[in-house]
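Okay, here's what each chain looks like letter by letter:
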Amino acid sequence: MILSPASSVCAGLPVRASKVRVDRPPHFTRRRNWNLKMRVRADSETFRDKATNTIREAIMSLHYRPGEALIERHLCEETGVSRTLVREALRLLEAEGLVRRENSRGLVVTELSPDEVRDIFDLRLILEATLLRRFIAKANKEDTEKMSRLLDQALVAAEKNSKDYTSFISRFVHLIWTGGGNAMAVQILESLRSRINYVRVMLFRATTQDEHRITIGLLRLVTQSVADGETNAAVDTYCRYLKRAEDRAIGIIEDRKASGRDTRVSKKDRKKG
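Predicted model, so just to flag it, every value in this text is computed and none were measured.

A.B. asks: Mind showing me how you'd approach the pairing of strand 2 (residues 106–109) here?
C.D. replies: Walk down a regular strand and you will see the side chains alternate between the two sheet faces. Pairing between strand 1 (residues 99–102) and strand 2: 4 bridges, direction antiparallel. For V99, the partnering residue across the bridge sits in strand 2 and is V109. Between strand 1 and strand 2, which follow one another and run antiparallel, lie 3 residues.

Rendered as structure tokens:
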């Protein structure tokens, strides 16, 4: 029988260190028995990300319309990846708010309501106005030149009716986010980024080139105010830009509902359209 040091002393027996065995916790073992299931597989991560990005882009481009049911088998056929990867992608998109679960239909593409749009823009007004003020306090000539270039590129894309327009506007806004120096605010906005971009794409598809020029004009005024160090003017104009986008997005959603358009379409109906 092998006794621990404590039990040997209690029994009045001499303690011989060479005969004492102390069980070590698993993390003290010198050689680990690595389990392959614990290893991160780069290839699986890459395919998951690709599947997520592909389905996200399909939703953003309205290939899958708001309210449309997302069938795993159909997604596997269209993306060419396994059902496991499709499920992982849908779980990530659900966390982003682009997909939601309905009891009777499973996962469907999110249909933003007017109230949800208002909630998103309420947060944006509060957080982005604060970030813009902090951004202006330390912005330099290089920052404003970068903002101007992005707006020039957005205008070219708008004239061509290219969806790149939304990407340039997104990058412009992101400059303000990252330049504001508030990591917590950026974290909150990043959690809404997919829905913000979704609204941006919806606006782009439903508005005219003249409206795109007005948007760019407002952001040029913001850029000029930033360059001049006119904080209040920049924030006021930026809030006008956000409020205009909010009102337009809500109008589009309400018009669709008023027209009785059924956005809950099947895959067969989508192919016919």
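A.B. asks: Could you clarify how one ought to interpret a nonpolar patch on the surface in this entry?
C.D. replies: The grouping of L123, M184 and I188 at the surface amounts to a nonpolar patch, some 260 Å² of accessible area in total. Topologically, I188 is positioned in helix 8 (residues 183–191).

A.B. asks: I'm lost on the nonpolar core in this one. Help?
C.D. replies: The nonpolar side chains of a soluble globular protein tend to be buried with one another. In this structure, I59, L132, Y165, F172, V226, Y238 and Y241 are the most contacted members of the largest nonpolar core, which totals 69 residues. For this core, the element with the highest residue contribution is helix 11 (residues 231–258), accounting for 10 residues. Leave out the neighbours within four places in its chain, and I59 touches Y64, L93, L98, V99, V109 and Y198.

A.B. asks: Help me understand the pattern of salt bridges, please; the structure alone is not making it clear to me.
C.D. replies: Should their charged atoms come close, side chains of opposite charge can pair. Under the criterion given, the structure shown has 18 salt bridges. For E94, the salt bridge is made with R101, and the minimal N-O distance between the two is 3.5 Å. Residue E94 is classed as partly exposed on the basis of its relative accessible area, which comes to 29%. Measuring nitrogen to oxygen at the nearest pair gives 2.8 Å for the salt bridge that ties E116 to R100. Residue E116 is found in helix 5 (residues 114–138), and its partner R100 is found in strand 1; the two are separated by 16 residues along the sequence. On the basis of relative accessibility, which here comes to 30%, the residue R100 falls in the partly exposed class. Here the residues in one salt-bridge network are E72, R83 and R87, joined through shared partners.

A.B. asks: Sorry, what's going on with the confidence of the model for the protein here?
C.D. replies: Predicted confidence across the protein gives a mean pLDDT of 83, with 78% of residues reaching 70 or more. Within the model, the stretch residues 6–11 combines pLDDT values under 50 with 4 contacts to residues more than four positions away or in other chains. Counted against residues more than four places away or in other chains, residues 262–273, with its pLDDT under 50, gives 22 contacts.

A.B. asks: Looking at this structure, how should I read the packing of helix 9 (residues 193–206) against helix 11?
C.D. replies: A pair of packed helices is captured by two measures, namely the crossing angle of their axes and the spacing between those axes. Relative orientation of the contacting elements helix 9 and helix 11 amounts to 70°, with a least axis distance of 10 Å. Classed by the angle they form, the pair helix 9 and helix 11 counts as roughly perpendicular. Where helix 9 abuts helix 11, its residues V199, R200, M202, L203 and A206 lie against Y241, A245, R248, A249, I252, I253 and R256. Broken down by class, the residue content of the contact of helix 9 with helix 11 amounts to 9 nonpolar, no polar and 3 charged.

What counts and how
- Throughout, residues of each chain are indexed from 1 in the direction in which the sequence is written.
- Under the rules for a predicted model, residues below a pLDDT of 70 receive no local features and side-chain atom pairs below 80 are neither given nor counted, while totals for whole chains, interfaces and linings still include all residues.
- As a rule here, side-chain values cover all heavy atoms of the structure and leave hydrogens and water aside.
- Only strands joined by at least two bridges in the DSSP assignment are considered to pair.
- Strands are runs of DSSP state E lasting at least 2 residues, helices are runs of H or I lasting at least 4, and numbering of each runs from the N terminus.
- Here the term patch refers to residues with relative accessible area over 30% and no salt bridge, with like charges joined within 9 Å and nonpolar side chains (Val, Leu, Ile, Met, Phe, Trp, Tyr) within 5 Å.
- Each accessible area value is a Shrake-Rupley result obtained with a 1.4 Å probe; residue values ignore everything except the protein chains displayed when judging cover.
- We define a salt bridge as a contact between a side-chain nitrogen of Lys or Arg and a carboxyl oxygen of Asp or Glu at a distance within 4 Å.
- Residues enter a nonpolar core if they are buried and are Ala, Val, Leu, Ile, Met, Phe, Trp, Tyr or Cys, with the set joined through side-chain atoms within 4.5 Å.
- Whether a residue is buried, partly exposed or exposed follows from its accessible area with a 1.4 Å probe, protein chains only, as a fraction of its type maximum: under 20%, in between, or over 50%, in that order.
- Working rule for contacts: check all heavy atoms of both residues, and any pair within 4.5 Å makes them a contact.
- What pLDDT conveys is the predictor's confidence in a given residue, as a value from 0 to 100.
- Every angle, taken between N-to-C directions, lies between 0 and 180 degrees, and every axis is a line fitted to C-alpha atoms, over only the stretch in contact when it is a helix.
- Throughout this description, any angle smaller than 35 degrees is read as roughly parallel, any larger than 145 degrees as roughly antiparallel, any in the 65 to 115 degree range as roughly perpendicular, and the remainder as oblique.
- Residue classes follow a fixed rule: Ala, Val, Leu, Ile, Met, Phe, Trp, Tyr, Cys and Pro count as nonpolar, while Asp, Glu, Lys and Arg count as charged, and any other residue, Gly among them, counts as polar.

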